[in-house]
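These are the residues of each chain, in order.
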Amino acid sequence: MSLKGRDIISIRDLKKDEVELILDSAEKMESYARGEKVLKLMEGKILGTLFFEPSTRTRLSFTAAMQRLGGQVMGFSGTSVTSIAKGENLTDTIRTVERYCDIIVIRHPLEGSARLAAEVSSKPVINAGDGANQHPTQTLLDLYTIKKVKGRIKGLNIALLGDLKYARTMRSLACALAMFDADLTLISPRGLEMTSDILSEIENNYGKKPFQTNDIDAGLRKADVIYICRIQKERFEDKYEAEKMQKAFRITPEVLSQCKDEVAILHPLPKVTEIDPRVDEMKCAKYFDQTFYGVPVRMALLALISGVM
Ligand code: NCD
């Protein structure tokens, strides 16, 4: 099994044993990710990070990952100072950047953009989020976090809560959790349910039928893990509608008092209003640990794709 030279555009691009290889390799990267030991595995290599949409964690943890591996990073965050502002198309940007670096990481608002970049580029391309479609490396670190926090994924009851229609993190993660034999509960405001393509995929490929509800209390009682995300306001035509939905969905200590004692709360972040700040101090809040795990997981992925691990 080798990931050398591979594009990672969708979580569907990875088989279960390949995901396991990445997660096992991430474990080996942890002390390097913390800076306790130094690695030179990717010395002389350059990662190109092209962020056409805002990002804090994904871009910075890819940067930290490449630097902890001894490599270097170049790229942009926002297009106003690039030739895209002059009207250059994505294809020409990719054809240029692939000549400057060894692996490309791209985040772009259009679904399918990362796939297009991969078709154009002779260098491996990693999708860091294409519109509402996919965010496979977030899913890898989410799986890693669940394993770290709960010791396993199989058989857990995992509640995905929030905007299941537009959140790429949810769409990627739902498929991966089904692949790892978790039981899914899908909780969303009315109108933001998981789309039927993902539901059919989960059923046809893994024989899983998630429990779906619009009732937050009913959905959370059995959960071992609650994975919550914000309403993806930027993908709504009507921003007032998004704000209304934002208010209706909120995790508070009171809501959590009905949940299992050992429940873990995860969130890809950024969070806006969907988690009461008092929850941040509770032992169930694991989302800042989750952000750290992005570094060893992305280190493992970069090293495997470059063939140095
Ligand atoms: C997410 C994203 O960009 O999809 N953030 C992330 O990568 N950690 C989640 C979001 O924006 O809601």
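Residues numbered from 1 in each chain as written. Predicted model: local features only at pLDDT ≥ 70, side-chain atom pairs only at ≥ 80, totals over all residues. Heavy atoms only, no water.

1. So, the nonpolar core
In step 1: Counting 65 residues, the largest nonpolar core has Leu 160, Leu 177 and Leu 302 as its most contacted members.
In step 2: Here this core gathers at least three residues from each of two domains, domain 1 (11–134 + 294–306) and domain 2 (137–290).
In step 3: Those residues in contact with Leu 177 that lie beyond four places of it in its chain are Leu 143, Ile 146, Ile 153, Ile 158, Leu 160, Ala 182 and Leu 184.
In step 4: With 21 residues, the next largest nonpolar core counts Leu 220, Phe 249, Ile 251 and Val 263 among its residues. (Core = buried A, V, L, I, M, F, W, Y, C linked by side-chain atoms within 4.5 Å. Buried < 20%, exposed > 50% of the residue type's maximum accessible area, 1.4 Å probe, protein only. Domains from an automatic or database assignment. Contact = heavy atoms within 4.5 Å.)

2. Observations concerning the packing of aromatic side chains
In step 1: The tally for this structure, following the rule as stated, stands at five aromatic pairs.
In step 2: Judged by centre distance (5.3 Å) and plane angle (75°), the ring pair of Tyr 144 and Tyr 293 falls under edge-to-face. Remark: Tyr 293 occurs in helix α11 (residues 287–306) and Tyr 144 occurs in helix α5 (residues 136–150); sequence separation between them is 149 residues.
In step 3: Put simply, the rings of Tyr 144, Phe 292 and Tyr 293 touch in pairs and so form one group of aromatic residues.
In step 4: Above the face of the Phe 180 ring, Lys 16 is positioned so that its terminal group lies 5.2 Å from the ring centre. (Phe/Tyr/Trp six-rings, centres within 6.5 Å; stacked < 30°, edge-to-face > 60°. Helix = DSSP H or I, 4+ residues; strand = E, 2+ residues; numbered from the N terminus. Lys NZ or Arg CZ within 6 Å of the ring centre and 35° of its normal.)

3. Looking at the domain arrangement of the protein
In step 1: Domains assigned within the protein are domain 1 (11–134 + 294–306) and domain 2 (137–290).
In step 2: Taken together, the contact between domain 1 and domain 2 spans 30 residues of the former and 25 residues of the latter.
In step 3: Counting across the interface, domain 1 meets domain 2 through five salt bridges.
In step 4: Arg 168 is paired through a salt bridge with Glu 53; the nearest N and O atoms lie 2.9 Å apart.
In step 5: Linking domain 1 with domain 2 are 13 residue pairs in polar contact (both at pLDDT 80 or more).
In step 6: Broken down by secondary-structure element, the contributors of at least two residues to the side of domain 1 that touches domain 2 are α1 (16–33), α2 (57–68), β3 (103–108), β4 (125–130) and α11.
In step 7: With eight residues, the top contributor of residues to the side of domain 1 that touches domain 2 is α1.
In step 8: Grouping the constituent residues of the side of domain 1 that touches domain 2 by class yields twelve nonpolar, seven polar and eleven charged. (Salt bridge = Lys/Arg side-chain N within 4 Å of Asp/Glu carboxyl O. Polar contact = N/O pair within 3.5 Å; in protein donor to acceptor, adjacent residues only side chain to side chain. Nonpolar A, V, L, I, M, F, W, Y, C, P; charged D, E, K, R; others polar.)

4. Here's the deal with the site of the ligand
In step 1: Around the ligand sit Thr 58, Arg 107, His 135, Gln 138, Arg 168, Thr 169, Arg 230, Gln 232, Pro 268, Leu 269 and Pro 270, and that is every residue in its neighbourhood.
In step 2: The side chain of Arg 107 places a nitrogen or oxygen atom 2.9 Å from an oxygen atom of the ligand.
In step 3: For the ligand, an oxygen atom lies 2.8 Å from a polar atom in the side chain of Arg 168.
In step 4: Here the shell around the ligand is built from residues that sort into three nonpolar, five polar and three charged. (Near = heavy atom within 4 Å.)

5. Examining the pattern of salt bridges
In step 1: Applying the stated rule across the entire model yields 23 salt bridges.
In step 2: Residue Lys 148 pairs with Glu 30 through a salt bridge whose shortest N-O separation is 2.9 Å. Pair noted here: Lys 148 is in helix α5 and Glu 30 is in helix α1, with a separation of 118 residues, a long-range link.
In step 3: Its salt-bridge partner being Asp 280, residue Lys 271 comes within 3.1 Å of it at the nearest N-O pair.
In step 4: Classification of Lys 271 by relative accessible area gives partly exposed; the value is 26%.
In step 5: By sharing partners, the salt bridges in this structure join Glu 27, Glu 30, Arg 34 and Lys 148 into a single network.

6. Considering empty space enclosed by the protein
In step 1: According to the stated counting rule, one finds two cavities of 30 Å³ or more in the structure shown.
In step 2: Size it by volume and the largest cavity reaches roughly 60 Å³.
In step 3: As for the largest cavity, its lining consists of Arg 57, Thr 58, Ser 61, Gln 138, Leu 141, His 267, Pro 268, Gln 290, Thr 291, Gly 294 and Arg 298.
In step 4: Only α2, α5 and α11 provide two or more residues apiece to the lining of the largest cavity.
In step 5: Here the lining of the largest cavity gets four residues from one element, more than from any other, and that element is α11.
In step 6: Tallied by class, residues from the lining of the largest cavity come to two nonpolar, seven polar and two charged. (1 Å grid on protein atoms, 1.4 Å probe; cavity = no way out; pocket = protein on both sides within 12 Å on 5 of 7 lines; lining within 4 Å. Points joined across faces, edges and corners; volume = space filled by probe spheres on them.)

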